[in-house]
Amino acid sequence: KQEVTQIPAALSVPEGENLVLNCSFTDSAIYNLQWFRQDPGKGLTSLLLIQSSQREQTSGRLNASLDKSSGRSTLYIAASQPGDSATYLCAVNDYKLSFGAGTTVTVRA
Amino acid sequence: GAVVSQHPSRVICKSGTSVKIECRSLDFQATTMFWYRQFPKKSLMLMATSNEGSKATYEQGVEKDKFLINHASLTLSTLTVTSAHPEDSSFYICSARTDVTEAFFGQGTRLTVV
């Protein structure tokens, strides 16, 4: 059974600092990995999807890397803003999507 | 990206009644839909996987008679919480996809059973 772990569970940084969120998974036989954002009481917003054959994906201030062999992905958010405050979830797709518990980010103005 | 519409977004029901939640893929045909449940400050727990025209496959520990899932068409899946109790109060989210590459999520339904 796929196990997905996200570290840290919570993170608080001052505005402008770069964020590094980590995700690890136990079974490397995956199709892809997705990063999502969830605001309190809301649904999921897809941020980035990395196919198993890719090493990284970028969108604006967001960059996600994938090392499938070691079972790790990292989401980088550059120059954080208060609007980046949310919970970030990674999900590993090995047909079913298995989610980590998330990292709750607070960016202080 | 593809759009998945989930309705209602919030529902309050009395204990013992049933509640139906709809999940629609608006601009694509979803061969597979997934239903998740999220407890407060916890991650998403997969409840069941449904394929159009087939019976849903439930995850271990999920009561199939309490959480009825119907995937009658390629654009619609429904989750019915039967004889709801306060412990069923939760955030339910559906996901739909056409193949294994990417899943698209609805906005979720906040169910409160009083």
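These figures come from a predicted structure and were not determined experimentally.

Within chain B, the regular secondary structure consists of 0 helices and 11 strands. The order of helices and strands in chain B, counted from the N terminus, is β-β-β-β-β-β-β-β-β-β-β. Taken over the C-alpha trace, chain B has a radius of gyration of 13 Å; the compact-globule value for 114 residues is 13 Å, and the two agree within 12%. Projected onto its principal axes, the C-alpha coordinates of chain B cover approximately 35 × 25 × 25 Å. Counting all 114 residues of chain B, 49% fall into the buried class. Of the contacts made within chain B by residues no fewer than 6 positions apart, 53% connect residues no fewer than 24 positions apart.

Quick look at the sheet that holds strand E6 (residues 56-59) of chain A now. Residue and element names in this part refer to chain A. Spatially, the 5 strands line up as an open sheet ordered E1-E3-E8-E7-E6, and their pairing is antiparallel. The open sheet has two edge strands with one neighbour each: strand E1 (4-7) and E6. Each adjacent strand pair in this sheet contributes to an overall mean axis angle of 15°, direction not counted. Relative to strand E3 (residues 19-25), E1 runs antiparallel, the two being bridged by 4 bridges.

Moving on to the interface of chain A and chain B. Quite often, the size of an interface is put as the accessible area lost when its parts meet. Between chain A and chain B, the contact holds 20 residues from the first and 21 residues from the second. Both faces considered, chain A and chain B share a buried interface measuring about 1600 Å² in area, 51% of it formed by carbon and sulfur atoms. Joining chain A to chain B, the criterion identifies 1 salt bridge. Put simply, lysine 96 of chain A and glutamate 59 of chain B hold a salt bridge, and the shortest N to O gap is 2.7 Å. Inspection of the region where chain A meets chain B yields 6 residue pairs in polar contact (both at pLDDT 80 or more). Going through the elements one at a time, strand E4 (32-38), strand E5 (44-51), strand E9 (86-94) and strand E10 (96-99) of chain A are the ones with two or more residues in the side of chain A that touches chain B. Residues belonging to the side of chain A that touches chain B are distributed by class as follows: 9 nonpolar, 9 polar and 2 charged.

A few words on the state of the cysteines. Under the criterion given, the structure shown has 2 disulfides over all chains. Each sulfur in the disulfide pair cysteine 23 of chain A and cysteine 90 of chain A lies 2.0 Å from the other. Disulfide cysteine 23 of chain A to cysteine 90 of chain A: torsion about the S-S bond roughly 65°, handedness right-handed. With cysteine 23 of chain A in strand E3 and cysteine 90 of chain A in strand E9, this residue pair connects regions lying 67 residues apart in the sequence. The pair formed by cysteine 23 of chain A and cysteine 90 of chain A is uniform in burial state, with each residue classed as buried. Cysteine 23 of chain B shares a disulfide with cysteine 94 of chain B; S-S distance 2.0 Å. Handedness here is read from the sign of the S-S torsion; for cysteine 23 of chain B and cysteine 94 of chain B, about 80°, the answer is right-handed.

Moving on, we get to the environment of leucine 76 of chain B. For leucine 76 of chain B, the position within the fold is in strand E8 (residues 76-81). Setting aside residues no more than four positions away along its own chain, leucine 76 of chain B makes contact with Glu22, Cys23, Arg24, Met33, Asn70 and His71 of chain B.

Quick look at the packing of aromatic side chains now. Following the criterion strictly, the structure yields 8 aromatic pairs over all chains and no others. A centroid spacing of 6.3 Å and a plane angle of 65° characterise the contact between tyrosine 95 of chain A and phenylalanine 34 of chain B, whose relative ring orientation is edge-to-face. Taken together, the residues tyrosine 95 of chain A in the loop between E9 and E10 and phenylalanine 34 of chain B in strand E4 (residues 32-38) connect one chain to another. Exposure remark for tyrosine 95 of chain A: the relative accessible area of 31% places this residue in the partly exposed category. Across the ring face of tyrosine 95 of chain A, the terminal group of arginine 97 of chain B is positioned such that the distance to the ring centre comes to 4.6 Å.

Turning to the nonpolar core, a few remarks are in order. Ranked by internal contacts, the top residues of the largest apolar core, which has 25 residues, are Trp35, Tyr58, Phe67, Ile69, Leu79, Tyr92 and Leu111 of chain B. Secondary-structure elements contributing two or more residues to this core are strand E2 (10-13), strand E3 (19-25), E4, strand E5 (44-51), strand E7 (67-73), E8, strand E9 (90-97) and strand E11 (109-113) of chain B. With 22 residues, the next largest nonpolar core counts Phe25, Ile30, Ala64 and Ala86 of chain A among its residues.

Reading guide: rules and limits
Here, residues in each chain are numbered from 1, in the same order as that chain's written sequence. As a convention, the first chain written is A and the first ligand written is 1, with the rest following in written order. Under the rules for a predicted model, residues below a pLDDT of 70 receive no local features and side-chain atom pairs below 80 are neither given nor counted, while totals for whole chains, interfaces and linings still include all residues. Processing note: side-chain calculations cover all non-hydrogen atoms of the structure and skip hydrogens and water entirely. Working definition: helices are DSSP H or I runs of at least four residues, strands are E runs of at least two. Numbering for both runs from the N terminus. Computation of the radius of gyration draws on C-alpha atoms, with the globule rule given as 2.2 Å multiplied by the number of residues to the power 0.38. Remark: exposure states derive from per-residue accessible area (1.4 Å probe, protein chains only) relative to the maximum for the residue type, with buried under 20%, exposed over 50%, and partly exposed in between. Any pair of residues with heavy atoms lying within 4.5 Å of one another is described as a contacting pair. In this scheme, strands are said to pair when DSSP sees at least two bridges between them. All axes are obtained by fitting lines to C-alpha atoms, using only the stretch in contact for helices, and the reported angles, taken between N-to-C directions, cover 0 to 180 degrees. Once two parts are brought into contact, the accessible area they lose, counted with a 1.4 Å probe and summed over both, makes up the buried area. Should a side-chain nitrogen of Lys or Arg be within 4 Å of a carboxyl oxygen of Asp or Glu, the pair is scored as a salt bridge. Whenever two N or O atoms come within 3.5 Å, that pair is a polar contact, provided that in protein one can donate a hydrogen and the other can accept it, and provided that, for residues adjacent in sequence, both atoms are side-chain atoms. Note on residue classes: Ala, Val, Leu, Ile, Met, Phe, Trp, Tyr, Cys and Pro are nonpolar, Asp, Glu, Lys and Arg are charged, and everything else, Gly too, is polar. When two cysteine sulfur atoms are found within 2.5 Å, that pair is recorded as a disulfide. Centre distance within 6.5 Å is the pairing criterion for rings of Phe, Tyr and Trp, where only the six-membered ring of Trp is used; planes under 30 degrees apart are then read as stacked, over 60 as edge-to-face, and the remainder as tilted. In this analysis the charged atom, NZ for Lys or CZ for Arg, is taken to sit over a ring once it is within 6 Å of the ring centre and within 35 degrees of the ring normal. In plain words, nonpolar cores are sets of buried Ala, Val, Leu, Ile, Met, Phe, Trp, Tyr and Cys residues tied together by side-chain atoms within 4.5 Å.

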